Amino acid sequence: MTHALEHIGIVVIFGIVMLPVYLMFAGWLVGKPRDFRTVGMTVGYMLVFTVAIVGALAVVGGVIAVIISL
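Scope of this entry: the structure provided in the associated data block. Small disclaimer: the values here were computed from a predicted structure and weren't measured. (Residues numbered from 1 in each chain as written. Predicted model: local features only at pLDDT ≥ 70, side-chain atom pairs only at ≥ 80, totals over all residues. Heavy atoms only, no water.)

## Notes on the environment of P20
Item 1. Looking at the secondary structure, you find P20 in helix α2 (residues 19-30).
Item 2. With 42 residues separating them in the primary sequence, P20 and G62 have C-alpha atoms 34 Å apart. (Helix = DSSP H or I, 4+ residues; strand = E, 2+ residues; numbered from the N terminus.)

Now the structure itself:
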């Protein structure tokens, strides 16, 4: 019943909300001056930061699960 609403949410998040991020990456890659080293470093930092956030949330979730199960 709610599948249509879930799909529209994905479209809104990845299609509309993330549009400035897509445009930023496109500007970095096709704009002038082209500096691929800086773009690569920035993308690397963003990936490391994202992995760190997901890892930290997993640890916090595990700790909360252990505390709740006591």
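## Remarks on the packing of α2 against helix α3 (residues 36-69)
Item 1. The interhelical angle for the contact between α2 and α3, taken along N-to-C directions, is 150 degrees, at an axis separation of 9 Å. Here α2 lies roughly antiparallel to α3, going by the angle between them. α3 is crossed by α2, and the crossing has left-handed handedness. Contacts from M24, F25, W28 and L29 of α2 reach α3 at F36, V39, T42, V43 and M46.
Item 2. By residue class, the composition of the contact of α2 with α3 is 8 nonpolar, 1 polar and no charged. (Axes fitted to C-alpha atoms, helices over the stretch in contact; angles between N-to-C directions. Parallel < 35°, antiparallel > 145°, perpendicular 65-115°, else oblique. Left-handed = near helix turned anticlockwise from the far one by under 90°. Contact = heavy atoms within 4.5 Å. Nonpolar A, V, L, I, M, F, W, Y, C, P; charged D, E, K, R; others polar.)

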